[in-house]
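# Fold and contact review
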Amino acid sequence: MTPTLETRLHDAVSKVRQYWRGTRFLDGLEPGIEGTQALLDVARIYRAYRLEIGRMRLLQGRAVAGLFFDPSLRTHTSMEVAAGRLGAHFVHLVGGQDTWKMEFAEGTVMDGMAAEHVKEAAPVLSSYADVLAVRAFPKHGGRDETVIRAFARYAGAPLINLESALAHPCQGLADMLTLADLGGGSYLGKKVCLSWAPHPKPLPQAVPLSVVRAAILGGADLHVACPEGFDLDDEEMERAQSFCHDTGAKMTVTRDQMAATQGAIAVYGKGWGARDYDRHADLAAAHRGWTIGDTQMEGANAFLHCLPVRRNVIVSDSVIDGPKSRVIPQAANREPVQAAVLLSWML
Ligand code: CP
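Summary of the structure given here. Being a predicted model, the structure only gives us computed values, none of them experimental.

### A few points about the side chain of T254
Among the secondary structure elements, T254 is positioned in strand 10 (residues 250–254). The exposure class of T254 is buried, given its relative accessible area of 17%. Polar side-chain contacts of T254 include one of 2.9 Å to the backbone nitrogen of D256. Discounting residues that sit within four places of it in the chain, T254 has contacts with V224, A225, C226 and A260.

This is the structure we're talking about:
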């Protein structure tokens, strides 16, 4: 007998739980290799049958609180839509506007602007919501990731990082789904290029590091191209590299952008800051030729970017408007992967 859609979904979620019992999705590596593949299977079922699944109201009565200290188009909308489609209530909070200004430091005399400590805010939000999701860019604590780590410490509810200084795990999971689509179901052993591209601002490394983790978790032949002075964070790269042995992935870091793009199933363009932050603008300007254009895409299959993207700075109009651009289906994949995480915790 063919299993019903609900049975298929329950079975797929049970498989995730076999591998992933944790309640933190902070850098994207937590579900492990098998758990991540199982999450992608849930996402594929959701993507194929989201209207039918929506009618099931599987998470009715549940609540998700999304706390944003920084702006968002995709992350906010796709989280709220995923939660809503599954029947859960989504509460959108802008940190410091919809909430009191928060304090994160230990032992502070709170006689300044901050009216509430995360030690109370995180457990209180956890008492209302079944899942918390938090976005806080590096200006809220830099490489220390003060905000997301404080929530991880004090929140009793499961917690999703919606982008911090070093990780954007939901973007990474969506990128895995997109890369697998481009690879015909899997990108194991397939060449993937992550290319630095010029941007006037020294952007954080959350997305490029998540692309590295995503490529390695799926066993890609990853080529990271960047000019000298723009190498990604050593510690995070070493940590990602340590998964290569188990996934069969390979990682090459190169200064040769053209060689990196040749034969790639995807060129993922992304700007990030120079190691010497103060000289970023000058260093980036010296590499304007790294904008992803038709020449870079000649030997590659598809162009990816997490969005938002600066046209004719990161990527030419001709590429992003052209037949190789997959940025819209890539962004669309955010909803099913986030739904998969919510289902894995709450179904
Ligand atoms: N890619 C992404 O996270 O987009 P937003 O910043 O608009 O959420």
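Back to the write-up after that little detour.
### Concerning the packing of helix 4 (residues 74–85) against helix 16 (residues 334–346)
It is at 8 Å that the axes of helix 4 and helix 16 come closest, and there the two elements cross at 55°. Comparing the axis directions of helix 4 and helix 16 gives the class oblique. Here helix 4 and helix 16 pass one another in a crossing that is right-handed. Where helix 4 approaches helix 16, its residues R74, T75, S78, M79, V81, A82, A83 and R85 are matched on the opposing element by R334, E335, Q338, A339 and L342.

### Some thoughts on the site of the ligand
Neighbouring the ligand are the residues S72, L73, R74, T75, R135, H168, Q171, C306, L307 and R334. Between the ligand and S72, the relevant distance is 2.7 Å, taken from an oxygen atom to a side-chain nitrogen or oxygen of the residue. Contact distances for the ligand include 2.8 Å between an oxygen atom and a side-chain N or O atom of R74. Coverage of the ligand by the protein amounts to 93% of the 250 Å² it exposes when considered alone. Residues belonging to the shell around the ligand are distributed by class as follows: 3 nonpolar, 4 polar and 3 charged. Split by domain, the shell around the ligand shows at least three residues from each of two domains, domain 1 (5–167 + 334–346) and domain 2 (171–331).

Basis of the calculations
- Residues numbered from 1 in each chain as written.
- Predicted model: local features only at pLDDT ≥ 70, side-chain atom pairs only at ≥ 80, totals over all residues.
- Heavy atoms only, no water.
- Helix = DSSP H or I, 4+ residues; strand = E, 2+ residues; numbered from the N terminus.
- Buried < 20%, exposed > 50% of the residue type's maximum accessible area, 1.4 Å probe, protein only.
- Polar contact = N/O pair within 3.5 Å; in protein donor to acceptor, adjacent residues only side chain to side chain.
- Contact = heavy atoms within 4.5 Å.
- Axes fitted to C-alpha atoms, helices over the stretch in contact; angles between N-to-C directions.
- Parallel < 35°, antiparallel > 145°, perpendicular 65-115°, else oblique.
- Left-handed = near helix turned anticlockwise from the far one by under 90°.
- Near = heavy atom within 4 Å.
- Areas by Shrake-Rupley, 256 points an atom, 1.4 Å probe, with all protein chains shown as cover.
- Nonpolar A, V, L, I, M, F, W, Y, C, P; charged D, E, K, R; others polar.
- Domains from an automatic or database assignment.

That's the geometry; what it means functionally is another story.
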